[in-house]
Amino acid sequence: MRRIFLFVLVIEFCFADSGLSLDDAIKKVKEQNSEIAIAQFDERIKTLEHQAALGANYGSLELSQTALRSNDALSIFGYKLQSRQATFADFGFKQFSGSNYYTTPNDLNNPQDRNHFQTKIEYTLPLYSGGKLEQYGKITQALYELSTLDRQALTLQKIYELKKSFFAISLLDTYLYNLRLIASNTAKLEAKTAAMLNEGYVKKVDLLEVQSKQADVERLIHQAEANRELLYAFISFLVDEPVLRIEKKDEEVEMLQSSGERILNDNIEIKKAEQGVEISKMNIALQQSAFLPQVGAFANYGSSDDTYMNDFAKNDAYTVGLQVKWNLFNGGSDKNNLEKARVENLKASQQLVLAKKQIALSIKQIQTQIHNDDYEIKSLKKEVELSHLIYENYAGRYEQKLVSINDVLIKQSEELTKVLRLKEVQNARNEKIFELQKLASKEVQ
């Protein structure tokens, strides 16, 4: 029975949840991160703006219903004409005597109050806009594509932050392991020193030095654990759910195998700069449309009466027509707007050139730093190994009363310093590789 119980424990341990993996965390960031969700809303807004711009090409159809009441002479005469109900009496002919041309027609000047109901449907269609509507459609489409690039750039940034946090936790775990090992060794050294103090072989100050070193190591352990907890909180924020454990990652990330030219071709910021140049070209064409005529067509159909919907077909009427508008002069505003668009295009083109140069320089700097870090890590690993052997040697010589406790603590501090420096360089190297991956748009390809 006991063997079965132990076997079950082993199986549960082997298949226990090892924590959130980096791949799963990246997937969760893409699907659940609040900032990325907001960027997706911006993307959707740009899509709707583009669809609204395209809709202007199809014109507009409007239905209007008017209900009026008036005793204004001109309005009532117009109402009767629209309703096809005007008579000669409305002109005051029944008061006309045939000889007095100066008789005031009371029916015409002082008509009775009248209701007027008009139902009308009207369709307007732009036939030619000088390319304005076409350019609006192109610009809104380009702005949508730019919002997509913004969302991808934000996603790359969040993944970069996630990777840094994952590997920082892994390095902190390794760092904590070494600190606890040092703490254990220091505790053993403290016990030996206390025993030797009782025998009179060492002084009280030796024990205090060991205890002081132990307190310092415990302080470093507490700081590392607090930073580790903070990193877990940040990962939880990025994936938008609580994360208590993660899968351990290797201390050193593999170098990105991609040429500088390939990274430049895939870089999101350069693509955004290229899109900015294209939008500025479209804006030039948009401003040029102000110098061309605008042609539109319209058609309306309706009916009017003094009673709502009384006899629609009897009183119906239609109007169709064309309209041409051509702005000949507006104080030079159109000319200045066109010149502004051309300058903005020159600016965007220069920004694109600058972006390519800056990113190419950043790639070169990062690759050089990674290359230097590789050599330093290789050297530090040997130094850590050597400093640990030296510490063990001094600890053994201390037991034989060949060196002082101060010498042992100095060697232990040197070992800890080497371990810390190694972890710092490894972490810095990892961050540089993650930054290179971000520049190469690795996670959105």
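My aim in this report is to walk through the structure given alongside it, one point at a time. (Residues numbered from 1 in each chain as written. Predicted model: local features only at pLDDT ≥ 70, side-chain atom pairs only at ≥ 80, totals over all residues. Heavy atoms only, no water.)

When helices and strands are counted, the protein chain shows 11 helices and four strands. The C-alpha radius of gyration of the protein chain comes to 42 Å, more than 25% above the 22 Å expected for a compact globule of 445 residues. Here the C-alpha coordinates of the protein chain stretch approximately 150 × 60 × 45 Å along the principal axes. Going through the 445 residues of the protein chain one by one, you find that 35% of them count as buried. Of the roughly 27,300 Å² that the protein chain leaves accessible, carbon and sulfur atoms contribute 55%. Both charge centroids of the protein chain, one from 56 positive and one from 61 negative side chains, sit 3 Å from each other. (Helix = DSSP H or I, 4+ residues; strand = E, 2+ residues; numbered from the N terminus. Rg over C-alpha atoms; globule rule 2.2 N^0.38 Å. Buried < 20%, exposed > 50% of the residue type's maximum accessible area, 1.4 Å probe, protein only. Areas by Shrake-Rupley, 256 points an atom, 1.4 Å probe, with all protein chains shown as cover. Lys, Arg positive; Asp, Glu negative; His and termini not counted. Charge placed at Lys NZ, Arg CZ, Asp CG, Glu CD.)

Moving on: empty space enclosed by the protein. Applying the stated rule across the entire model yields three cavities of 30 Å³ or more. Lining the largest cavity, in full, are Gln65, Phe117, Gln118, Thr119, Ser303, Ser304, Asp305, Thr307, Met309, Asn310, Asp311 and Phe312. Within the residue set of the lining of the largest cavity, elements represented by two or more residues are strand S2 (114-128) and strand S3 (294-305). Its residues placed into classes, the lining of the largest cavity shows three nonpolar, seven polar and two charged. (1 Å grid on protein atoms, 1.4 Å probe; cavity = no way out; pocket = protein on both sides within 12 Å on 5 of 7 lines; lining within 4 Å. Points joined across faces, edges and corners; volume = space filled by probe spheres on them. Nonpolar A, V, L, I, M, F, W, Y, C, P; charged D, E, K, R; others polar.)

To continue, consider a nonpolar patch on the surface. Together, Leu61, Leu63, Ile121, Tyr123, Tyr301, Tyr318 and Val320 give the surface a local cluster of nonpolar side chains, amounting to about 770 Å² of exposed area. Put simply, the parts of the chain that give the nonpolar patch at least two residues each are strand S1 (60-70), S2 and strand S4 (316-325). Within the secondary structure layout, Leu63 lies in strand S1. (Patch = residues over 30% accessible without salt bridge, like charges linked within 9 Å, V, L, I, M, F, W, Y side chains within 5 Å. Salt bridge = Lys/Arg side-chain N within 4 Å of Asp/Glu carboxyl O.)

In terms of nonpolar packing, the biggest core is built from 49 residues, with Leu162 and Phe166 touching the most fellow members. Counting residues per element, the ones that place at least two in this core are helix H2 (22-32), helix H6 (132-199), helix H7 (204-239), helix H9 (268-288), helix H10 (333-399) and helix H11 (405-439). Per-element tally for this core: the top contributor is H6, with 13 residues. If sequence neighbours within four positions are ignored, Phe166 has contacts with Leu20, Ser21, Leu22, Ala25, Ile235, Ile246, Glu247 and Lys249. One finds Val202, Tyr394, Ala395 and Val403 within the second-largest nonpolar core, a separate group that totals 12 residues. (Core = buried A, V, L, I, M, F, W, Y, C linked by side-chain atoms within 4.5 Å. Contact = heavy atoms within 4.5 Å.)

Bringing the sheet that holds S3 into the picture now. The strand order S1-S2-S3-S4 describes an open sheet built from four strands, whose pairing is antiparallel. Each end of this open sheet is capped by a strand with a single partner; those strands are S1 and S4. Adjacent strand axes in the sheet meet at a mean angle of 20 degrees when their direction is disregarded. Here 11 bridges tie S1 to S2, and the two strands are oriented antiparallel to one another. (Pairing = 2+ DSSP bridges. Axes fitted to C-alpha atoms, helices over the stretch in contact; angles between N-to-C directions.)

In this section: the environment of Glu31. Looking at where Glu31 falls in the secondary structure, it is placed in helix H2. Looking at Glu31, the relative accessible area reads 56%, which means it is exposed. On a C-alpha basis, the gap between Glu31 and Val239 in space is 8.3 Å, while along the polypeptide they are 208 residues apart.

Right, let's talk about the packing of H6 against H9 for a bit. It is at 10 Å that the axes of H6 and H9 come closest, and there the two elements cross at 165 degrees. Looking at the two axes, H6 sits roughly antiparallel to H9. Considering how the two elements wind past one another, H6 and H9 form a crossing that is left-handed. Taken together, the residues of the contact of H6 with H9 break down into 13 nonpolar, four polar and seven charged. (Parallel < 35°, antiparallel > 145°, perpendicular 65-115°, else oblique. Left-handed = near helix turned anticlockwise from the far one by under 90°.)

A positive phi is found at Asp240, a non-glycine position, where the angle reads about 60 degrees. Mapped onto the elements of the fold, Asp240 is located in the loop between H7 and helix H8 (260-266). By relative accessible area, Asp240 is classed as partly exposed at 47%.

The subject of this paragraph is the pattern of salt bridges. Applying the stated criterion to the full structure yields 22 salt bridges. Of the charged contacts in the structure, one is a salt bridge between Glu161 and Lys158, with a shortest N-O distance of 3.3 Å. Taken together, the residues span about one helical turn, with Glu161 and Lys158 both in helix H6 at a distance of three residues. Note on accessibility: Glu161 and Lys158 belong to one class, buried.

Another point: the packing of aromatic side chains. One pass over the structure, following the stated rule, counts four aromatic pairs. A centroid spacing of 6.3 Å and a plane angle of 25 degrees characterise the contact between Phe234 and Phe237, whose relative ring orientation is stacked. Here Phe237 and Phe234 lie together in helix H7, a separation of three residues that amounts to about one turn. Its guanidinium or amino end placed over the ring of Tyr394, Arg397 lies 5.2 Å from that ring's centre, counting from NZ or CZ. The aromatic ring of Tyr160 is capped on one face by Lys438, whose charged end is 4.5 Å from the ring centroid. (Phe/Tyr/Trp six-rings, centres within 6.5 Å; stacked < 30°, edge-to-face > 60°. Lys NZ or Arg CZ within 6 Å of the ring centre and 35° of its normal.)

Tracing the backbone through its elements, the reader meets Ser129 in the loop between S2 and H6. What Ser129 contacts, discounting residues up to four positions off in sequence, is Ser289, Pro293 and Gln294.

So, on to the side chain of Ser303. Structurally, Ser303 is set in strand S3. In this structure Ser303 comes out as buried when scored by relative accessible area, which is 7%. Here the side chain of Ser303 touches Asn315 through a polar contact of 3.5 Å, landing on its backbone oxygen. Not counting the four nearest positions on each side in its chain, Ser303 is found in contact with Phe117, Gln118, Thr119, Asp311, Phe312, Asn315 and Asp316. (Polar contact = N/O pair within 3.5 Å; in protein donor to acceptor, adjacent residues only side chain to side chain.)

By themselves, these observations are geometric and do not establish any function.
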